[in-house]
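# Summary of structural features
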Amino acid sequence: MAASILAFVFGCLLLALAARYVALVVMVGKERFRPGHPLGFRGRALLRSEEAWHVGHLAARPLAGMAAACAGVNAFATVGLTSLSIVAVTVVGLLAIACVTALGALARSLALKAAKKIN
């Protein structure tokens, strides 16, 4: 029972991460996606100008899409782990979140690198 609840919690967390990165991918290039938008990446280089914000997020878009796909797949895979022990569900859930977070961090660093070339 506890493993099922934990798998559900990890699945929900991963779905929230997937939604965040899907929204980021969709919002890039839209009129409302201006510097400082809550879904955007943060960094001095990105916030210096609208052009740097736009170019940086365009560069990070493929990796953000990969993070969204990884989070979505792992969310449903994690929920399917209800038959495993609580320790196994915890390890798999934490590894899935770490993988998605690492892809997001790589996307952010790519955005910062592209924005620094503009400034």
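Definitions and cut-offs
Residues numbered from 1 in each chain as written. Predicted model: local features only at pLDDT ≥ 70, side-chain atom pairs only at ≥ 80, totals over all residues. Heavy atoms only, no water. Helix = DSSP H or I, 4+ residues; strand = E, 2+ residues; numbered from the N terminus. Contact = heavy atoms within 4.5 Å. Areas by Shrake-Rupley, 256 points an atom, 1.4 Å probe, with all protein chains shown as cover. Buried < 20%, exposed > 50% of the residue type's maximum accessible area, 1.4 Å probe, protein only. Polar contact = N/O pair within 3.5 Å; in protein donor to acceptor, adjacent residues only side chain to side chain. Patch = residues over 30% accessible without salt bridge, like charges linked within 9 Å, V, L, I, M, F, W, Y side chains within 5 Å. Salt bridge = Lys/Arg side-chain N within 4 Å of Asp/Glu carboxyl O. Expected span 1.5 Å × (residues − 1). Core = buried A, V, L, I, M, F, W, Y, C linked by side-chain atoms within 4.5 Å.

## Considering the overall build of the protein chain
In terms of regular secondary structure, the protein chain is built from 4 helices and 0 strands. Helices and strands appear in the protein chain in the N-to-C order α-α-α-α. Overall size of the protein chain, expressed as C-alpha extent along the three principal axes, is 55 × 25 × 20 Å. Put simply, of all contacts in the protein chain between residues at least 6 apart along the chain, 71% involve residues at least 24 apart. For the protein chain, the accessible area works out to roughly 6500 Å², and carbon and sulfur atoms hold 70% of it.

## Points about the environment of Leu-112
Looking at the element boundaries, Leu-112 is found in helix α4 (residues 86-118). Separated by 51 residues in the primary sequence, Leu-112 and Arg-61 place their C-alpha atoms 12 Å from one another. Look past the residues within four positions of Leu-112 in its chain and what remains in contact with it is Arg-42, Gly-43, Ala-45 and Leu-46.

## Details of the side chain of Thr-78
By the secondary structure assignment, Thr-78 is in helix α3 (residues 50-79). According to the relative accessible area criterion, Thr-78 is buried, its value standing at 1%. Once residues lying within four places of it in the same chain are set aside, the contact partners of Thr-78 are Ala-7, Phe-10, Gly-11, Leu-14, Gly-93 and Ala-96.

## Some thoughts on the environment of Ala-115
Considering the arrangement of structural elements, one finds Ala-115 in helix α4. A C-alpha to C-alpha distance of 8.4 Å links Ala-115 and His-57, two positions 58 residues apart in sequence.

## Regarding the environment of Ser-109
Looking at the secondary structure, you find Ser-109 in helix α4. Between the alpha carbons of Ser-109 and Ala-59 there is a distance of 9.9 Å; along the sequence they are 50 residues apart. In this structure the side chain of Ser-109 is engaged in a polar contact, spanning 2.9 Å, whose partner is the backbone oxygen of Leu-106.

## Regarding a nonpolar patch on the surface
Nonpolar side chains collect at one region of the surface, where Met-1, Ile-5, Phe-8, Val-9 and Leu-13 lie side by side and expose about 550 Å² of accessible area between them. Accessibility expressed as a relative area gives 53% for Phe-8, which makes it exposed.

## Observations regarding helix α1 (residues 2-27)
Its 26 residues place the ends of α1 37 Å apart at the C-alpha level, agreeing with the 38 Å of an ideal helix rising 1.5 Å per residue. Taken together, the buried positions of α1 are Ala-3, Ala-7, Phe-10, Gly-11, Leu-14, Ala-18, Tyr-21, Leu-24, Val-25 and Met-27. Buried positions along α1 lie against α3 and α4. One or two positions beyond α1, positive phi appears at Gly-29, with a value near 90 degrees.

## Observations regarding the nonpolar core
Judged by nonpolar contacts, the single largest core of 34 residues is most densely connected at Tyr-21, Phe-41 and Leu-46. For this core, the secondary-structure elements that each account for two or more residues are α1, α2 (44-47), α3 and α4. Looking at this core element by element, the count peaks at 10 residues for α3.

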